[in-house]
Structure formats: C-alpha cells, structure tokens
Amino acid sequence: MSQIRSLLTTCALCLLLFACGKSTEADPKKESTAASEVTPEDVSAELDITGKWAKNCALCHVSGVGGAPRLGFVEDWEARLAKGRATLLLHTIEGHNNMPPLGYCMSCEEEDFVELIDFMLGESP
Ligand code: HEC
C-alpha cells in the first residue's frame, strides 16, 4: 500500500516538474495563446454545470427513461439536433412529451439550460 502511495507521489511530482518545465520553456511569441488556457473559473463553471446535470437531468438522461435521449449516444441526439438548438431549449423549459418542464431543475437559469444541452450534445456539431 505504502509502495503505491510513494509511486503516486512520484508520479505527481513528475507531472508537476513537467508542467513547470513546460511553462518556463514557453515561447514568448506564443504568449497570446495563454488566453485559451483553462482557468480555475472555467473549471468551477464546468463542475457547476455537471453538478446541475447530475442532480437534475441524469435521472432520465443516463438510462433513457421514457425515451429520453441518452448522454454520450450521438445517435439519440442527431434527429433532435436537426430541430435546432432553440427548439431543444424551448422543449427543455416548457417540457415535451415525457420531458418535464425545466427538467426538474427549478434553480436553473436559461443560460444553464443552454450549457446543459451543450453538455449532453457533447461532440455533436
Ligand atoms: C423525468 C425524466 C427527465 C428529466 C429529469 C429530464 N429529462 Fe430531458 N427528456 C426526457 C424525455 C423522456 C425526453 C424525450 C421527450 C420526447 O421527445 O418525447 C427528453 C428530452 C429532452 C431534450 C430533447 C427535446 C427535444 O425537443 O427533442 C432535451 C434538450 C432535454 N430533455 C434536456 C433536459 C435537461 C437539460 C434536463 C435537466 C435540467 C432534463 N432534460 C431532465 C426526460 C427527462
């Protein structure tokens, strides 16, 4: 057990050194790309959305309860995406067949739904 722990510590150290080494070697001309790097705010916003998704949407959108399109199944979303994201947003807010209005998320704002839908659409264009 302690061996595993020391191995993990070593790995973490390697990663740290690697990350540090990378930043000192950074080409100053490439500084402008720094803006596209992930910030702690991005990470917490993402956790916030996945948290909201897990608490409210996952209930049906993991296993496909009542015919709900499943997370990670592009084929479940293709025909829906063809209706346009605006329709998907409207159906999320107002409800649609077995999809309850607001998807049970009373604390979600419109922009949360936009992000939740984007999250479920995943790699779909
Ligand atoms: C009680 C189960 C349930 C919950 C909770 C739920 N959904 Fe759904 N959702 C469904 C079902 C069922 C459908 C398929 C409706 C249909 O097309 O007949 C659906 C469809 C959708 C669609 C596609 C609508 C369309 O026009 O094709 C979107 C987008 C969606 N849900 C988003 C969400 C979001 C975002 C949440 C969480 C905030 C959520 N859902 C929570 C059951 C649920």
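This structure is a prediction, so every number in the text was calculated from the model and none was measured. (Residues numbered from 1 in each chain as written. Predicted model: local features only at pLDDT ≥ 70, side-chain atom pairs only at ≥ 80, totals over all residues. Heavy atoms only, no water.)

Overview of the overall build of the chain
At step 1: The secondary structure content of the chain amounts to 5 helices and 0 strands.
At step 2: Along its sequence from the N terminus, the chain presents helices and strands in the succession α-α-α-α-α.
At step 3: A burial count over the chain gives 22% of its 125 residues as buried.
At step 4: As displayed, the chain offers around 9300 Å² of accessible surface, 62% of which is attributable to carbon and sulfur atoms. (Helix = DSSP H or I, 4+ residues; strand = E, 2+ residues; numbered from the N terminus. Buried < 20%, exposed > 50% of the residue type's maximum accessible area, 1.4 Å probe, protein only. Areas by Shrake-Rupley, 256 points an atom, 1.4 Å probe, with all protein chains shown as cover.)

Brief notes about the pattern of salt bridges
At step 1: The full count for this structure, using the stated rule, is 4 salt bridges.
At step 2: A salt bridge links R70 to D76, with the shortest nitrogen-to-oxygen separation between them at 2.7 Å.
At step 3: Judged by relative accessible area, R70 falls into the partly exposed class, the value being 26%.
At step 4: One salt bridge in this structure joins R85 and D118, with 2.3 Å as the shortest N-O distance. Taken together, the positions of R85 in helix α4 (residues 85-94) and D118 in helix α5 (residues 110-121) put the pair 33 residues apart, joining distant regions of the chain. (Salt bridge = Lys/Arg side-chain N within 4 Å of Asp/Glu carboxyl O.)

Focus: the coordination of the iron atom of the ligand
At step 1: In the first shell of the iron atom of the ligand, the protein supplies H61 (NE2) and M99 (SD), at 2.0 Å from the metal.
At step 2: Seen from the iron atom of the ligand, its 6 donor atoms lie at angles of 86 to 180°, and the figure they make is octahedral. A residue pair is termed long-range when its members are at least 10 positions apart, and H61 in helix α2 (residues 40-61) and M99 in the loop between α4 and α5 qualify at 38 residues.
At step 3: Residue classification places H61 among the buried positions, given a relative accessible area of 8%. (Donors = N, O, S within 2.8 Å, 3.2 Å for Na, K, Ca; no water. Tetrahedral: all angles 85-135°; square planar, octahedral: opposite > 155°, others 65-115°.)

Examining the site of the ligand
At step 1: Neighbouring residues of the ligand: 28 residues in total, closest C57, C60, H61, H91 and M99.
At step 2: With respect to the ligand, the side chain of N97 contributes an N or O atom lying 2.9 Å from an oxygen atom.
At step 3: When each cavity is represented as a set of grid points, the ligand is found to reside in the largest pocket.
At step 4: Tallied by class, the residues present in the shell around the ligand amount to 16 nonpolar, 10 polar and 2 charged. (Near = heavy atom within 4 Å. Polar contact = N/O pair within 3.5 Å; in protein donor to acceptor, adjacent residues only side chain to side chain. 1 Å grid on protein atoms, 1.4 Å probe; cavity = no way out; pocket = protein on both sides within 12 Å on 5 of 7 lines; lining within 4 Å. Sits in = over half its atoms within 2 Å of the grid points. Nonpolar A, V, L, I, M, F, W, Y, C, P; charged D, E, K, R; others polar.)

Concerning the packing of aromatic side chains
At step 1: A full pass over the atoms with the stated rule returns 1 aromatic pair.
At step 2: R70 extends its terminal NZ or CZ atom over the ring of F73, reaching a point 3.7 Å from the ring centre. (Phe/Tyr/Trp six-rings, centres within 6.5 Å; stacked < 30°, edge-to-face > 60°. Lys NZ or Arg CZ within 6 Å of the ring centre and 35° of its normal.)

Description of a negative patch on the surface
At step 1: There is a patch of like negative charges on the surface, built from E41, D42, E46, E109, E110, E111 and E115.
At step 2: Elements supplying a minimum of two residues to the negative patch: α2 and α5.
At step 3: You can see E109 is positioned in the loop between α4 and α5. (Patch = residues over 30% accessible without salt bridge, like charges linked within 9 Å, V, L, I, M, F, W, Y side chains within 5 Å. Lys, Arg positive; Asp, Glu negative; His and termini not counted. Charge placed at Lys NZ, Arg CZ, Asp CG, Glu CD.)

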